[in-house]
Structures are given as C-alpha cells and as structure tokens.
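An overview of the molecular structure
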Amino acid sequence: MELHKNDFLKGNPITIDTNVQLDLVKRHIQIVGASPVHFTGTATKMAHLYVVEGDVTGELTLDCARCLTPFPYHYQVMVKETFVDAEGGPDVQDGETDYFPLIEDKIQLDPSLQSAILLSLPQAIRCSDQCQGICPECGTNRNEKNCGCVVKRVDPRWAALGDLFNNKE
Ligand SMILES: [Zn+2]
Ligand SMILES: [Zn+2]
C-alpha cells in the first residue's frame, strides 16, 4: 500500500484500514502460506516527516519446526515507521532513528509491514508447546500415533564401560 504526500492535503492525520497481499512465503524458512495482511493505523504529517503507526494482523501457514506439519499461525504486530520528504528534510542517515525516504513523493508501506511481521516471528515455531515431533527411528508423527520405538540414547559413561567389555575379547 502507498500514500501520496498530496493525500495529506485532504486531512491530517490520515486513517488507514486496508488489506495488502505481501510476498511472505519462504521469507522465513517455515512460512508456506500467507493470507492478506490487515493494517489499521494512522499516518501523520509533521513538517517534512510522516509517521505511520498501527497494527498489522494476519494469518500465516507455517511448517512446524518439530513435526513438520503445516499449521495456522496468527500474528499481531505493532508498526511504527518514519518517512522523510528528502526535499528540506533531515539527514536520512541520522543514527538515532531510521527514516525512510519518500519514493516519487509516496510512502511505500509494504516493505515496513513485511519486515515487522518477519522480525516478530520466533526462531523455531512449533504447532503447539506439546508437539511430540517426528520419531527419529521410524519417522512417524508422534502427535498422531505412538509408534512404540525406543529411542536409544546411551549414557556416555555406560558407553565407555561397554567399550571396555567389548575390548576384552
Ligand atoms: Zn508440531
Ligand atoms: Zn518410531
């Protein structure tokens, strides 16, 4: 979505309530699907600065990090971004705040929404806290059935003892 700086001539601040389709699939390793993104907020012009703030909500389809099964994931993320009209505006490389330049006199909001969503995602997202994952022995999804495999995890101290016995022969 974009706003032209002339849009502010009709009123300031501008109320935004819109749906945008962002290209989110595979931007994070687990994302396999994405519904349109809903953004509600305001854009306020202050001299040569334009501050856009609001909430972005939507639903992603993620592959579970443990059992690899796709599941729906809802997010709600706060967004606040400052754009600057380069003509007479402050230095865009101001170290304190990240300012984004207007492009052809327009605020381009999609990249900000996209990075806010991606940055909000935890590292390895599971379908539930109780997810049992995949059996390392037979590959069964242990949330669906108990395969009964005993996963061998030998205590390293006993393993050393085992080596001792084996070496006797
Ligand atoms: Zn899972
Ligand atoms: Zn198994």
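You'll find the structure just up there.
These notes cover the structure that comes with them.

Reading the values: the criteria
- Residues numbered from 1 in each chain as written.
- Chains lettered and ligands numbered in written order.
- Predicted model: local features only at pLDDT ≥ 70, side-chain atom pairs only at ≥ 80, totals over all residues.
- Helix = DSSP H or I, 4+ residues; strand = E, 2+ residues; numbered from the N terminus.
- Buried ≥ 20, exposed ≤ 12 C-beta atoms within 10 Å, placed from the backbone.
- Contact = placed C-beta atoms within 7 Å.
- Core = buried A, V, L, I, M, F, W, Y, C linked by C-beta atoms within 7 Å.
- Arc of directions from axis to C-beta.

1. Topic: the overall build of the protein
Helices and strands together make up the secondary structure of the protein, namely two helices and eight strands. Tracing the protein from N to C terminus, the helices and strands come up as β-β-β-β-β-β-β-β-α-α. Buried positions account for 16% of the 169 residues belonging to the protein. Long-range pairs, those at least 24 residues apart, make up 54% of the contacts in the protein between residues at least 6 apart in sequence.

2. Focus: the nonpolar core
Ranked by internal contacts, the top residues of the largest apolar core, which has 15 residues, are Ala43, Tyr50, Val52, Val56, Phe83, Ile107 and Leu113. Every element with two or more residues in this core is listed here: β4 (37-46), β5 (49-63), β6 (70-84) and α1 (110-120). With sequence-adjacent residues up to four places away left out, leucine 113 is seen in contact with Val20, Leu22, Val37, Phe39, Val56 and Val79.

3. Structural notes on the environment of glycine 148
Turning to its location among the elements, glycine 148 is positioned in the loop between α1 and α2 (156-166). Accessibility expressed as a C-beta count within 10 Å gives 9 for glycine 148, which makes it exposed. Distance in space between the C-alpha atoms of glycine 148 and cysteine 135 is 9.4 Å, their sequence separation being 13 residues.

4. Here we look at the environment of alanine 65
When you line up the elements, alanine 65 lands in the loop between β5 and β6. A residue is classified by how many C-beta atoms lie within 10 Å of it, and alanine 65, with 16 of them, is partly exposed. Along the backbone, alanine 65 and glycine 133 are 68 residues apart, and their C-alpha atoms lie at a distance of 8.3 Å. For alanine 65, the contacting residues outside a window of four places in its chain are Gln30, Ala124, Ile125 and Arg126.

5. A look at the environment of aspartate 17
Positionally, aspartate 17 belongs in strand β2 (residues 14-20). C-alpha of aspartate 17 to C-alpha of phenylalanine 39: the two residues are 22 residues apart in sequence and 5.7 Å apart in space.

6. Observations concerning α1
Among the residues of α1, those classed as buried are Ser112, Leu113 and Ile117. Along the axis of α1, the buried residues cluster in a sector spanning 130 degrees; they form a single face. Relative to its buried face, α1 has exposed residues pointing more than 90 degrees away, namely Pro111 and Leu119. Tucked into the core, α1 has its buried residues touching β2, β4, β5 and β6.

7. Side note on unusual backbone geometry
Of note, the bond from asparagine 12 into proline 13 is cis; its omega dihedral lies within 30 degrees of zero at 0 degrees. Unusually for a residue other than glycine, glutamate 104 sits at a positive phi of about 50 degrees. Within the secondary structure, glutamate 104 is located in the loop between β7 (99-101) and β8 (106-108). At aspartate 105, a residue that is not glycine, the phi angle is positive and equals roughly 65 degrees.

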